[in-house]
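# Per-entry structural report
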Amino acid sequence: MNIMEHAELERWLREERPEVLEELWRRADAIRREMVGDEVHLRGLIEISNHCARQCHYCGLRAGNRDLTRYRMSADEILECARAAARFGYGTVVMQAGEDAALTGAWVADVVRRIKAEVDLAVTLSLGERSLDELALWKEAGADRYLLRFETSNAELFSRIHPPKAGSATVVDRVAQLQAMRSLGYEIGSGVMIGIPGQSYADLARDLELFRELDLDMIGVGPFLTHPATPLAAISPNAGVDQAPATELMTYKMVALTRLCCPRANLPSTTALATLNLARGREFGLLRGANVVMPNLTPPKYRALYEIYPAKACVRETAEQCHGCLRRRIESIGRRVGQGRGSALRKTSEFR
Ligand code: 5AD
Ligand code: FES
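For the structure given in this document, a descriptive report is provided here. (Residues numbered from 1 in each chain as written. Chains lettered and ligands numbered in written order. Predicted model: local features only at pLDDT ≥ 70, side-chain atom pairs only at ≥ 80, totals over all residues. Heavy atoms only, no water.)

### Description of the pattern of salt bridges
Selection rule: Salt bridges are defined by distance alone: a side-chain nitrogen of Lys or Arg within 4 Å of a carboxyl oxygen of Asp or Glu. For helices the rule is a DSSP run of H or I covering at least 4 residues; for strands it is a run of E covering at least 2, with both sets numbered from the N terminus onward. To sort residues, take the accessible area from a 1.4 Å probe on protein chains only and compare it with the maximum for the residue type: under 20% means buried, over 50% means exposed, and anything in between is partly exposed.
Taken as a whole, this structure holds 29 salt bridges when the rule is applied. Here arginine 26 ties to glutamate 23 by a salt bridge, and the two come within 3.2 Å at their closest N and O atoms. Taken together, the positions of arginine 26 and glutamate 23, both in helix α2 (residues 18-36) and 3 residues apart, correspond to about one turn of that helix. Of the residues examined, glutamate 23 reaches a relative accessible area of 32% and is grouped as partly exposed. In this structure, the salt-bridge partner of arginine 145 is glutamate 187, at a minimum N-O distance of 3.2 Å. With a gap of 42 residues between them, arginine 145 in strand β4 (residues 145-147) and glutamate 187 in strand β5 (residues 187-194) connect regions that are remote in the sequence. Since its relative accessible area comes to 1%, arginine 145 is described here as buried. For glutamate 187, a relative accessible area of 15% corresponds to the buried category.

Here it is as C-alpha cells:
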C-alpha cells in the first residue's frame, strides 16, 4: 500500500461527498480486517480518580473547576473492578485518572501488583504525565501498556491549551515521554482530540503523520466536546485558522485515515464518538477502522463525576449494562468479541 502524503491526507479530511467517503470507509474496513481481523477487543475502563493538579483548557477535571465533587477509588474498589473484568472475559483493564499526586508511585505499583497476582489480565495505565522513575516502577510491578495522548501535533496550540505543571516553566514533551515509555518496555498508546478551537485541517493531517512516525501500538481519536467550566468554552476560534470541525463525520475520517496510516494498531471506537451519536457511533467507528471498545467498569456512584466533557455516554449505566450493550453492538455488525489480551501486533515487535 502506498504511504499517503500530507496533501492526500488533507484532501480526505476535507472530502464531504458521501459517495467518495464510502470509498474511504471501504478501504479502512478492508485494511482493518486484513491486518487485525474481525475480533473487537474489550478493555475495561476504571476511572480511578478525578482529582487533577493540572489546568488543561479543554478538560472538565482541571483543578480550576471548583464545581466538581472529587473522588478517589480505594485499592479494594479497583481490585473489585478488575475481578469483574475477568468475569466478563475482558483481556485488559485500563486504570485512568487525572494527575493526582495522591496516586503515588508506590501506591499505584502496589495496586498493579495486586491485580496481576489475582487476575490474568493486561494492565494499561493512563495517569497523565508522570516521572520516568514512576513509569519504570510501574513497569516493574507488571503494567503492560501506557496511554498518553499528545492531543495535537501543533506544539504552539498544545502549549496554549495545556499549561505546564505548577512550578515548571516548560510543557512536557509528550512525544519524548512516549518514546521513553517504549524504551521501558511498554506498549504505547496516544491520540488526539478533533476540532479543538484553533486546530486546522493541516494540523490533523500532521497528527496522522505523527501517529505513523511513532509507530504507535494504540491510537484513540475522538471529537473535542466543549465543557462549560473550562476556558475553551469562552473561546471563539480565530478567523485566520482553517478550523477543523469537531463533528461526527470528521471523527470517522480520522478513524479511517488512522487505520490506513497505522494498519496494525489497536484503535478504539471512543466514548466521545458515542457521545455524539449514542445510537450508532460505536458501530460506525468499528465499521470504519476501529477494532477496540472500552466498556466502563467504574462503580456507578463515581461515573458521573468523571466528567471530562458533558453528556458523556454511559454515566447512568452499570458495568453489567455496558458489557451487554457492547457485546450486542459488536455482534450486530457481524464482528466477534476478542479473546485474550489483544496485545500489539506491530511488525517490528520481534526486534524489541
Ligand atoms: N472533549 C473531548 N475529549 C477530551 N479529553 C479531555 N477533555 C476533552 C474534551 N473536552 C480527552 C483528552 C484526554 C482524554 C483522557 O480525554 O484527549 O487525553
Ligand atoms: Fe455503556 Fe452502551 S457501552 S451503555
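Moving on, there is more to tell.
### Considerations on the pairing of strand β2 (residues 92-97)
The following threshold applies: Two strands qualify as a pair provided that DSSP identifies no fewer than 2 bridges between them. For the handedness criterion, the strands are oriented away from the viewer, and a crossover whose path from the first strand over the helix to the second runs clockwise is classed as right-handed.
Burial analysis of β2 places 6 of its 6 residues in the buried class, which makes it a mostly covered element. With burial as the criterion, each face of β2 is covered, one bearing Thr92, Val94 and Gln96 and the other bearing Val93, Met95 and Ala97. Pairing geometry for strand β1 (residues 39-49) and β2, over 6 bridges, is parallel. Looking at β2, one finds that isoleucine 46 is bridged to methionine 95. For the crossover from β1 across helix α3 (residues 75-88) to β2, the handedness is right-handed. Examined bridge by bridge, β2 and strand β3 (residues 122-126) share 5 bridges and lie parallel to one another.

### With respect to the packing of helix α8 (residues 201-214) against helix α9 (residues 248-261)
Applicable threshold: A fitted line through C-alpha atoms serves as each axis, taken over the contacting stretch for helices, and the angle formed by two N-to-C directions is quoted from 0 to 180°. Angular relationships are summarised with four words: roughly parallel below 35 degrees, roughly antiparallel beyond 145, roughly perpendicular across 65 to 115, and oblique for the angles in between. The sense of a crossing depends on the near helix, which, turned anticlockwise from the far helix by less than a right angle, makes the crossing left-handed and, turned clockwise, makes it right-handed. In this description, contact between two residues means that some pair of their heavy atoms is separated by no more than 4.5 Å.
Relative orientation of the contacting elements α8 and α9 amounts to 30°, with a least axis distance of 9 Å. Here α8 lies roughly parallel to α9, going by the angle between them. Of the two possible hands of crossing, α8 and α9 adopt the one that is right-handed. Side by side, α8 and α9 meet where Tyr201, Leu204, Asp207, Leu208, Phe211 and Arg212 of the first sit next to Met250, Met254, Leu257, Thr258 and Cys261 of the second.

### Some remarks on helix α5 (residues 132-141)
Inclusion rule: Here the arc refers to the set of directions running from the helix axis out to each C-beta atom.
Among all positions of α5, only Glu134, Leu135, Trp138 and Ala141 are buried. The buried residues of α5 all sit within an arc of 125° when viewed along its axis, so they share a single face. α5 presents Asp133 and Glu140 as exposed residues on the side facing more than 90 degrees away from its buried surface. Tucked into the core, α5 has its buried residues touching α4 (105-118), β3, β4 and α7 (174-184). One or two steps after α5, the chain reaches glycine 142, where phi turns positive at roughly 120°.

### Overview of the packing of α5 against α7
In plain terms, the rule: For this classification, the nonpolar set comprises Ala, Val, Leu, Ile, Met, Phe, Trp, Tyr, Cys and Pro, the charged set comprises Asp, Glu, Lys and Arg, and every other residue, Gly included, is treated as polar.
Where α5 meets α7, the axes come as close as 10 Å, and the angle between the chain directions of the two elements is 35°. Between α5 and α7 lies a crossing whose hand is right-handed. Across from Leu132, Leu135, Ala136 and Lys139 in α5, the residues of α7 making contact are Gln177, Ala180, Met181 and Leu184. Grouping the constituent residues of the contact of α5 with α7 by class yields 6 nonpolar, 1 polar and 1 charged.

### Remarks on the environment of alanine 229
Positionally, alanine 229 belongs in the loop between β6 (218-223) and α9. The partly exposed category is assigned to alanine 229, whose relative accessible area is 30%. Distance from alanine 229 to glutamate 16, taken between C-alpha atoms, is 32 Å for residues 213 residues apart in sequence. Apart from residues no more than four positions distant in its own chain, alanine 229 is found in contact with Arg62 and Asn65.

### Let's talk about the packing of aromatic side chains
What counts, and what does not: Stacked, tilted and edge-to-face pairs are distinguished by plane angle, under 30 degrees for stacked and over 60 for edge-to-face with tilted covering the rest, among Phe, Tyr and Trp rings (Trp via its six-membered ring) whose centres lie within 6.5 Å.
The full count for this structure, using the stated rule, is 6 aromatic pairs. Centroid distance tyrosine 71 to tyrosine 302: 4.5 Å. Interplanar angle 10°. Geometry classified as stacked. Of the two residues, tyrosine 71 sits in the loop between β1 and α3 while tyrosine 302 sits in helix α12 (residues 300-303), which places them 231 residues apart along the sequence. Centroid distance tyrosine 146 to tyrosine 186: 5.9 Å. Interplanar angle 80°. Geometry classified as edge-to-face. Here tyrosine 146, found in strand β4, pairs with tyrosine 186, found in the loop between α7 and β5; they are 40 residues apart in sequence, far enough to count as distant. We classify tyrosine 146 as buried; its relative accessible area is 0%. Using a relative accessible area of 3% as the deciding quantity, one classes tyrosine 186 as buried. Three or more aromatic residues joined by ring pairs form one cluster here, namely Trp25, Tyr252 and Phe284.

### Things to note about the environment of glutamate 22
Summarising the element assignment, glutamate 22 is placed in helix α2. C-alpha separation for the pair glutamate 22 and isoleucine 194, spaced 172 residues apart in sequence, amounts to 21 Å.

### Side note on the side chain of lysine 253
As for its position among the elements, lysine 253 is in helix α9. Judged by its relative accessible area of 1%, lysine 253 falls in the buried class. Excluding residues that lie within four positions of it along the chain, lysine 253 makes contacts with Trp12, Leu13, Arg14, Glu15, Glu16, Leu21, Leu24 and Trp25.

### Regarding unusual backbone geometry
Notably, glutamate 151 is not glycine yet its phi reads approximately 70°, a positive angle. With phi around 60°, alanine 311 is a residue other than glycine that occupies positive phi space. One can find alanine 311 in the loop between α12 and α13 (319-332).

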